[in-house]
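Architecture and fold: a report
Okay, here's what each chain looks like letter by letter:
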Amino acid sequence: MRKINTERNLKMADHCNGSSQSSESFVNIPPIKFTKLFIDGNFVDSVSGKTFEAIDPRSGEAITRVSEGDKEDVDLAVKAARLAFDNGPWPRLSGSERGRILMKFADLIEQNIEELATLEAINGGKLFSLCKFMEVPGAAMTLRYYAGAADKIYGTVLKLSKGLQGYTLREPIGVVGAILPWNFPTTMFFIKAAPALAAGCTMVVKPAEQTPLSALYYAHLAKLAGIPDGVVNVVNGFGETAGAAISSHMDIDKVSFTGSTEVGRKIMMAAAASNLKRVSLELGGKSPLLIFDDADVDEAAKFAFDGIFTSKGEICVASSRIYVQEGIYDKIVNKLIEKANAWVVGDPFDPQVNQGPQTDKNQFEKILSYIEHGKREGATLLTGGNRIGQKGYYIQPTIFADVKEDMIIAKEEIFGPVMSLMKFKTMEEAIKRANDTTYGLAAGVITKDLNVANTVLRSIRAGVVWMNCYLLLDVGCPYGGYKMSGFGRENGMDSFNEYLQTKSVVTPIHDSPWH
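These figures come from a predicted structure and were not determined experimentally.

Observations regarding the nonpolar core
Formed by 111 residues in total, the largest nonpolar core has its most connected members in Phe-105, Ile-109, Ile-227, Ile-291 and Leu-421. Here this core takes 10 residues from helix H8 (residues 185-199), the largest share from any one element. If you count residues domain by domain, this core takes at least three from each of domain 1 (37-284 + 489-501) and domain 2 (288-474). Apart from residues lying up to four places away in sequence, Phe-105 is in contact with Leu-143, Phe-190, Tyr-218, Leu-221, Ala-222, Ala-225 and Ile-227. Ranked by size, the runner-up nonpolar core spans 30 residues in total, among them Tyr-323, Tyr-393, Val-418 and Ile-460.

Written as structure tokens, this is what we have:
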């Protein structure tokens, strides 16, 4: 095995340490328009008047300051959402009318796509091109998918055993608290908001404190689309204050959270201690990708590399554990090193760049600390292992080989551009090792043998298993976790049902000739 020549990546330092000014050669960055809380159809200051900095991870410097909401602001947002649900028009509109408004919302997103993609790049370090051509258009697609479902909420007629007539109604669950992660601010906003709104719910959304800017822009577009005041509310703030207030609020009917398992536990406890609100959790992952000897080496290496290094490794379903059968192990290693050598880390506005900065300083330092753990525990560092430059949160693509199952880098979610590479002999061994984790969010298998593929995908305990591909998600395909990766599903009609509840209606039938 050969190690990567890191000189190329280290030469990227000056290029990486861009500011907003240096990026204007690629994109004209507009002024930030929305920095307050959005409550009951208006942008307002927080009750306390406090603000916090929104940081540009390319430089570590502040972009702007945004209002900091806490419990009092959440109370106001919930009051507006409750009034809009209990007495307002949104839940009482026909499904087709809600769908029409959501379609207009989608149109407005597409009309502002460049500005929205810019916000994601400067506030989250995401590739501008990826946001412009995939993530933001994907938000519009998600809205249209659920807009089409809004008038297709059906109950069932029940065949009861006695002289009774029964049927079920599917009703919106009520006020939804949505707590978003920082890695995909746009995608996660609409994965939760689109089905909830289509179902007739009202919402209080708390974006991650690291990435609040796009959520505020979407609140503005929601109002322009014709969504009534109080239906969509956005409260910027921190997890321990605003997030905790949502989780424990007595007048919120459901919380949908995407984030860490540690915080997911706290949300469940708060929900149980308050009003036993319904909870859905999409939590961490340590997803395995199993590559068998008969796999196409070039294709398998691409799936493995893209599966962890896309979006700088800040993906909950990232293929962070790569298991390669011993017959092609060395070939896969060489291909992965080649790909790492060609991988460009730098300013996310540069169209030649493959990987931008990590989202914030805390995550940046956490990833570097995991890399040091890997070195100390005896894993072989094949690529990377260092930060790039002295400004901003850039990290080299890092690959460890000879990783053991009991190493910290193999057990804990790193959430960054760090791959653990391992060798296996038999299918049975690979399955056992792949399942040896507390997580169960995603997995993949690369093989030409259909029997092997079917055995593996049925044996792996994970909510999504990709066969001869990786990271392919679709709005119509539900995903979510097994084990400590949470419960509930995002996307597809499974997600729509998360925001509906079933009411049974029963009435006696007297002297009916049929039972």
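Here's the deal with the packing of aromatic side chains
As enumerated under the stated definition, the model contains 17 aromatic pairs in all. Ring centres 6.2 Å apart and planes at 40° place the aromatic pair Tyr-146 and Phe-496 in the tilted group. Of this pair, Tyr-146 sits in helix H7 (residues 128-147) while Phe-496 is found in helix H18 (residues 492-498), placing the two residues 350 residues apart along the sequence. The exposure class assigned to Tyr-146 is buried, which follows from its relative accessible area of 0%.

Topic: the UniProt feature "domain: Aldehyde dehydrogenase" (unreviewed entry) in the protein chain
The UniProt entry lists residues 43-505 under the feature "domain: Aldehyde dehydrogenase" (unreviewed entry), expressed in the numbering used here. Along residues 43-505 one finds 40% helix and 20% strand; the C-alpha atoms at either end are 42 Å apart.

Some words on the sheet that holds strand E22 (residues 500-508)
Pairing is antiparallel across the open sheet formed by three strands, whose spatial order is E5-E6-E22. Every other strand in the sheet has two partners, leaving strand E5 (157-158) and E22 as the edge strands with one partner each. Where E5 lies against strand E6 (residues 164-172), two bridges are found, and the strand directions are antiparallel. Bridge pairing links Leu-158 to Gly-166 in E6.

Considerations on the environment of Ala-379
On the secondary structure map, Ala-379 appears in the loop between helix H14 (361-376) and strand E14 (380-383). Taking the C-alpha atoms as reference points, Ala-379 and Ala-84, separated by 295 residues in sequence, lie 56 Å from one another. Setting aside anything within four residues of it in sequence, one finds Ala-379 in contact with Gly-374, Phe-400, Ala-401, Asp-402, Val-403, Met-407 and Ile-409.

What about the pattern of salt bridges?
In this structure the tally under the stated criterion is 28 salt bridges. The partner of Arg-100 in a salt bridge is Glu-97, and the shortest N-O contact between them spans 2.8 Å. Taken together, the residues Arg-100 and Glu-97, both in helix H5 (residues 95-111) and three residues apart, mark about one turn of the helix. The exposure class assigned to Arg-100 is partly exposed, which follows from its relative accessible area of 47%. The partner of Lys-302 in a salt bridge is Asp-306, with the nearest N and O atoms 2.7 Å apart. One end of the pair, Lys-302, and the other, Asp-306, are both in helix H12 (residues 297-309), four residues apart, so they sit about a helical turn from each other. On the basis of relative accessible area, Lys-302 is assigned to the partly exposed category, the value being 42%. Judged by its relative accessible area of 23%, Asp-306 falls in the partly exposed class.

Cut-off values and rules
- Residues numbered from 1 in each chain as written.
- Predicted model: local features only at pLDDT ≥ 70, side-chain atom pairs only at ≥ 80, totals over all residues.
- Heavy atoms only, no water.
- Core = buried A, V, L, I, M, F, W, Y, C linked by side-chain atoms within 4.5 Å.
- Buried < 20%, exposed > 50% of the residue type's maximum accessible area, 1.4 Å probe, protein only.
- Helix = DSSP H or I, 4+ residues; strand = E, 2+ residues; numbered from the N terminus.
- Domains from an automatic or database assignment.
- Contact = heavy atoms within 4.5 Å.
- Phe/Tyr/Trp six-rings, centres within 6.5 Å; stacked < 30°, edge-to-face > 60°.
- UniProt positions renumbered as here; feature names shortened; annotations may be inferred.
- Pairing = 2+ DSSP bridges.
- Salt bridge = Lys/Arg side-chain N within 4 Å of Asp/Glu carboxyl O.

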